[in-house]
Structure formats: structure tokens, C-alpha cells
Amino acid sequence: MPRRSRPVRVSPQKMAPTCPRSLLRYRSFAILLFAPLLLLPLPITVPTREAKCAYIIIIMAVYWCTEVIPLAVTSLMPVVFFPLLGVQSSKSVCLQYLNDTNMLFVGGLIVAISVERWNLHKRIALRVLLMLGVKPALLMLGFMIVTAFLSMWISNTATTAMMVPIVQAVLDQMDNTENDVTMMEQATGQTNTVIELEEKNASDPTPVQVISNGQVPDGTRSSEEKKMKKRICKGMTLCVCYAASIGGTATLTGTGPNMVLKGQMNQLFPNNNDVVNFASWFGFAFPNMILMLVLAWLWLQCSFMGFNFKKSWGCGTVRTAKEKAAYNVLKAEMKKLGPISYAEFNVLIMFALLVLLWFSRHPGFVKGWASRLFPEGEKYITDSAPAVFIALLLFILPANKPKFIGWNSSMSDTEQTEEDIKKPFLSAPLLEWNVVQRKMPWSIVLLLGGGFALADASANSGLSAWLGHQMTPLGSIPPWSIATVLSLIIAVFTECTSNVATATLFLPVFSSMATSVKIHPLYVMLPGTLSASFAFMLPVATPPNAIVFSYGHIRVLDMVRSGIVMNIIGVFCITLAINTWGRPIFELDTFPTWANSTTNQ
């Protein structure tokens, strides 16, 4: 007979962990099912457009925060449920998904994709790093400046993904060189020790402890050097993800929340006279970015490297072997790129032309090209027009020099090769659609569109006015304290949710609050927008954090400790900016007529 196996007894301690696991399996299903059911009494008991609009917004907020379905899929819910509930027509809702602001975002992203396609961003990064030098403090500053600058124009994810391998290669080469130098020093030290021992034994038979470098034992030195090496590695990698998040705030197209502000200003205040455009945003956010970058650099220096001027800055010292190795790595990477190609030069020209068109369209202090060259240009032309124009040129301009095959009287037609005749005058363009289709973050485009649909529905249904009326008691609180508190709330909230979703949910509420207490809407919307990009504490908070964390040098606790201070720095800089140079740029001391007229509607 076959041997019967004994029944395995499972202890209650082993059974207990299975219960939470089984619950986690049904978590997404439970949220998807029960969130609409539990909130269903709201539109039933209060059958108004405001309540129905709030019902959909709350469900979308739950889905966005928990990510039970993709963010872009949640963003499509207004197309279905606003018409079904009678909040807005399908035509009105669908118009928000590819409006002027989204076209500006798409045009800017196409130009950014062309910069990535031809490695122009890598050439710029390496050139700046070679110019700044490789002293520890300057090397970190160089990484942060390059990352922040590139993040102003291309996505912070792509910038971080490009910069972290460069940082890793530099650190590895410095580490290898240090190991080689240490081995040489140990070999030299052992020789010197033998000579010193022989001389000492000849003169004095008393045994003495000989230390190779004359200062500390090798074991102590090596352990301290390893700790310092780890700290430098952490600081160098953290500076990249932090600079990527900071740099994206400087331009209107640099990150999603900025575009959310632009679009919702146009939705909620259609007569705002284009108060938020590329030039005005840059004038406000770029100085704030510089201040944040400097303070972040000082904080990372103090926390990971120590503030030793002689060691970090190299004052009065020559370049060490490690610094030479780092410089050689950067030079080798630059050499791999070769001389600047025809395609790179064309992309650089197109990029510079786009920035020039954005700045000069409506600078504010003088008439821009839009009003000078075109009748009623300020009314009809927005920042999306030059963005899409340059994007169109990228699909037309050739990636290689055009080849002119002239007629030569000394050569017969038969002498000309058929290949030269068949070659087209223009080569393949700088950008092809399959590249754009693969690299374009379409999910963000839909996410922005869903947010604009929510803002438009909130205004038209009366939900924004109702929220504003509920917040009138806040008028007794000083505006600067309101802005500071809201910045702190957003900075904490964005650690757990998408920064675009955070801005989408909170900005309409902030605008309603501002109009109810009669303060400039941008006084609270600007801090909320910038704070949505300050996700410094957790690896899952933003893709740059996740990329840096994946390299294994940083623990979650390291990021949390540094991120808390970074959030405080960010809120401090925003409070300073909004109460100093932000006031004259956006005229924040007065309540604008366009906000008052919208409130009365």
C-alpha cells in the first residue's frame, strides 16, 4: 500500500498574513465598485447640476489617487458621464481634450522629441560639465545646472534617464582610479615601512607601531573613506532627480502642472487677457528655479559632502587623480558624439527659434511680433501657434545636406550614374511620425484634457461658485498665509499622487476660494501649481525619483530625510517669490476685473 502522507497543520500565525493578501487582491475591484455606490446618494438626494458634477469629480479623484485604472482612462470619464447626467453636452466636453493649451503642450513635446532624437541634449550636458570642472562641489553643481536646464525643455523623465548613466560612469571611474592610487600608496608604504623598521631596529631594539601614512591606521581610514564614498554617491545621484523636478517649473511647457494652470485659467477666466503666457511665466518662475537650485545644492553639499571649501572646491589645490579620471570620462563621452552633425545643427536652430518666438510674441513691456506683423495678432495668436509651426518644420527640414546635381557640359548623360539621378533632392526629415508616436506621452495629453473638462464643467454647472461661497470665511486670514498653507498641503499630497492629477483637482477649488475672498486668483493658484512639482520625498512620487532609486545607491529613508528639507525649501522659495517679484509681474495686489466678471456670471 502506498504510504499516506501526514496532514500538514498550518498555524494561525501562518494563516494570518494570507488575509491581508487576499484583501489586496480585491482592493482594485472594491474601489472601482464601491466608490460610485457609496457616493450615489449625493446626486440622488441633491438632484442639481452642481451635485452631479461633484459626484463625478469625487469618483475621478478617488480613482486618480488610488490608480485602480490608468490615469488616462480615468480622464475619459467626463466624456461619458457628464452628458448622461445632464451636466454638459458631449460636444462641449470633447472640445476640452485638444484645446489650445493641449496643442501648445503637443508642439513643445514634438520639439523636445527631436532634441532627444539627435542627442543634442547630451552634447549640451557634456559641454557644460567640461566647462564647469570636476571638483566635487562644482561637479554636483554642474550636474544640477545641466539637468535643470534640459528639464526646462524636455521631459524630466528623459533628462534623468540620460543624466544618471553619465553620473554613474563618472563615479565608477573615480572609484576605480582611487582604488588604483590606494594600491600604489600601500605598496609604497610597505617599502617605506620596511626601511624604517630596519633603521629603527639598528638604533633602538624597542618595538614600535609603525603607521604607513603617519596619521591613522589603514582599517580606520578605509572604513571612513567607504562611508564618505557612499555619501558622495548618494548626493550626486539625488541631485539629478531633484534638479529635474526643479528645472521643469521654470517654463510653461516644462511640466504638466504648469500646463494645467494655463488651461484652467483660460477655462475659468476666459477674459484674463492672456495673463499667463510663456514670457510672464518665465519671468516669475525662472528666478524661483535659480533660488531653489542654489539652496538645494547647498543642502545636498552640507548633508552628503560636508562644507569643506578646500576639499570640495579645491581652493589652492591641484587636480587629483580622481578628478582627472572624471574629466577623462566626460571627454571620452564627448568624443563619442563626434563633431556636431547637420541634423543637430538644424534642430538647435529650430529650438532657438521657438524660444525666441515664444518670448517675443507678447513680452508685455513692448509690442510683440504677433501684433506688429498680423492684424489683431494678440487676439488670434497664442503660444501654441509657434510651437506647432516649428513642429511642422521638423517634419519637413532634411536630416542631411541637400545634394545638388548640376549639369556638367563636359559629361554626357550616360556618364552620370543612375544612383545619383534617382536620389531625392531632400533626404529623410529631422523627425518622423513613428518616432513621435512612440515617444509622445499621450496619457499626459488625455490627463490634461480630462482636467480641462472638469474645470469647464465646474464653472458652467455652478459648482465653482458654490465652493467659493462656502469659503468666504477665509477672507479674514492674510493672503500670504493662505498661499503658504496651500503650498504645504499640495507638497504633501503630490508625494502620493500624480502631479498633474493633483493640480487638476486643486486648482479649480483654489480659484473659487480666491474669487470668494476677493484676492487675485493667481495669488493662490501659482503656489499650488509650483508645489505640485515638489515631489522629493518618495521614490514613487515622480519618475525621476524612481529612476535614481533603481540604481540602488539610495535608501527610502535617505530620500525622505533629504526630501523633507527640499519641500521646506520649495515652500519658502514660493512664498518669497509670490510676495516679491510675483506681485508686479501679475499685478497680484489688485483683484482683476476679469475675475470679478467671471464670479458674477
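This structure is a prediction, so every number in the text was calculated from the model and none was measured.

Visitor: Can you help me understand the overall build of the chain in this one?
Guide: When helices and strands are counted, the chain shows 32 helices and zero strands. Residues counted as buried form 47% of the 601 residues belonging to the chain. Put simply, 79% of the contacts in the chain that link residues at least 6 apart link residues at least 24 apart.

Visitor: It is not clear to me how the nonpolar core should be interpreted in this structure. Could you clarify?
Guide: Nonpolar side chains in soluble globular proteins generally cluster together in the buried interior. Among the nonpolar cores identified, the biggest contains 157 residues, and Phe143, Met144, Met265, Leu522 and Val524 are the most heavily contacted of them. By residue number, the principal contributor to this core is helix H15 (residues 278-305), which donates 13 residues. Here leucine 522 is in contact with Leu261, Met265, Val275, Val276, Pro527, Ile578, Phe586 and Leu588, once residues within four sequence places are set aside.

Visitor: Help me understand the environment of methionine 559 in this model?
Guide: With respect to the helices and strands, methionine 559 occurs in helix H30 (residues 556-579). For the pair methionine 559 and proline 539, spaced 20 residues apart in sequence, the C-alpha to C-alpha distance is 7.5 Å. Setting aside residues up to four positions removed in sequence, methionine 559 forms contacts with Leu238, Tyr242, Phe536, Met537, Leu538, Pro539, Asn545 and Ile554.

Visitor: Hey, could you run me through helix H5 (residues 49-66) in this one?
Guide: Along an α-helix, residues three or four apart share an orientation, since each turn contains 3.6 residues. Counted at 1.5 Å a residue, the expected span for H5 with its 18 residues is 26 Å, and the 26 Å between its end C-alpha atoms agrees. Looking one or two residues beyond H5, the residue adopting positive phi is glutamate 67, at roughly 55°.

Visitor: Any chance you could explain the pattern of salt bridges here in plain terms?
Guide: Oppositely charged side chains are able to pair whenever their charged atoms sit close together. This model, assessed by the stated rule, comprises nine salt bridges. The residue lysine 336 makes a salt bridge to glutamate 333 at a minimum N-O spacing of 3.4 Å. Here glutamate 333 and lysine 336 lie together in helix H17 (residues 321-337), a separation of three residues that amounts to about one turn. Given a relative accessible area of 65%, lysine 336 falls into the exposed group. Between aspartate 558 and arginine 555 there is a salt bridge whose closest N-O contact spans 3.3 Å.

Visitor: What exactly am I supposed to notice about the confidence of the model for the chain here?
Guide: Should pLDDT be low for a region, the predicted coordinates there are not to be read in detail. Averaged over all residues, the pLDDT of the chain is 81; the fraction at 70 or higher stands at 81%. Model confidence for the chain, summarised as mean pLDDT per element, is weakest for helix H1 (residues 12-15) at 43 and strongest for helix H7 (residues 77-84) at 94. Here residues 1-17 is modelled with pLDDT under 50, and outside its nearest four sequence neighbours on either side it reaches one contact, counting other chains as well. Here residues 191-216 scores under 50 on pLDDT; set against residues more than four positions off or in separate chains, the count is eleven contacts.

Visitor: What is the right way to read the packing of aromatic side chains from this model?
Guide: Inspection of every chain in the model, using the stated rule, returns 17 aromatic pairs. Judged by centre distance (5.8 Å) and plane angle (40°), the ring pair of phenylalanine 506 and phenylalanine 510 falls under tilted. One end of the pair is phenylalanine 506 and the other is phenylalanine 510, both in helix H27 (residues 499-516) and four residues apart, which spans about a single turn. By relative accessible area, phenylalanine 510 is classed as buried at 5%. Put simply, the rings of Phe149, Trp153, Phe278, Phe282, Phe286, Phe351, Trp358 and Phe359 touch in pairs and so form one group of aromatic residues. The side chain of arginine 117 reaches across the aromatic face of tryptophan 118, ending 4.4 Å from its centre.

Visitor: Even after reading the chapter, I still don't get unusual backbone geometry, so can you show me in this structure?
Guide: The backbone of asparagine 119 shows a phi angle near 60°, a positive value even though the residue is not glycine. Looking at the element boundaries, asparagine 119 is found in the loop between helix H9 (100-117) and helix H10 (120-132). Asparagine 119 gets classed as partly exposed once you look at its relative accessible area, which sits at 34%. Here lysine 518, not a glycine, exhibits a phi torsion of approximately 60°, which is positive. Topologically, lysine 518 is positioned in the loop between H27 and helix H28 (521-531). Judged by its relative accessible area of 44%, lysine 518 is partly exposed.

Visitor: In this structure, what is going on with the environment of proline 592? I would like to understand it.
Guide: By secondary structure assignment, the location of proline 592 is in the loop between helix H31 (582-586) and helix H32 (593-600). The exposure class assigned to proline 592 is buried, which follows from its relative accessible area of 10%. Placed 71 residues apart in sequence, proline 592 and proline 521 show a C-alpha to C-alpha distance of 8.7 Å. Look past the residues within four positions of proline 592 in its chain and what remains in contact with it is His520 and Pro521.

Visitor: Is there a simple way to think about the packing of helix H3 (residues 27-39) against H5 in this case?
Guide: Helix packing geometry: the angle between the two helix axes and the distance between the axes. Running from N to C, H3 and H5 point in directions that differ by 165°, and their axes come no closer than 10 Å. What the angle tells us is that H3 and H5 run roughly antiparallel. Along this stretch, H3 crosses H5, giving a crossing that reads as right-handed. Along its contact with H3, which presents Arg27, Ile31, Leu32, Ala35, Pro36 and Leu39, the element H5 presents Tyr55, Ile58, Ile59, Val62, Tyr63 and Thr66. For the contact of H3 with H5, a count of residues per class yields ten nonpolar, one polar and one charged.

About the thresholds
Residues numbered from 1 in each chain as written. Predicted model: local features only at pLDDT ≥ 70, side-chain atom pairs only at ≥ 80, totals over all residues. Heavy atoms only, no water. Helix = DSSP H or I, 4+ residues; strand = E, 2+ residues; numbered from the N terminus. Buried < 20%, exposed > 50% of the residue type's maximum accessible area, 1.4 Å probe, protein only. Contact = heavy atoms within 4.5 Å. Core = buried A, V, L, I, M, F, W, Y, C linked by side-chain atoms within 4.5 Å. Expected span 1.5 Å × (residues − 1). Salt bridge = Lys/Arg side-chain N within 4 Å of Asp/Glu carboxyl O. pLDDT = per-residue confidence, 0-100. Phe/Tyr/Trp six-rings, centres within 6.5 Å; stacked < 30°, edge-to-face > 60°. Lys NZ or Arg CZ within 6 Å of the ring centre and 35° of its normal. Axes fitted to C-alpha atoms, helices over the stretch in contact; angles between N-to-C directions. Parallel < 35°, antiparallel > 145°, perpendicular 65-115°, else oblique. Left-handed = near helix turned anticlockwise from the far one by under 90°. Nonpolar A, V, L, I, M, F, W, Y, C, P; charged D, E, K, R; others polar.

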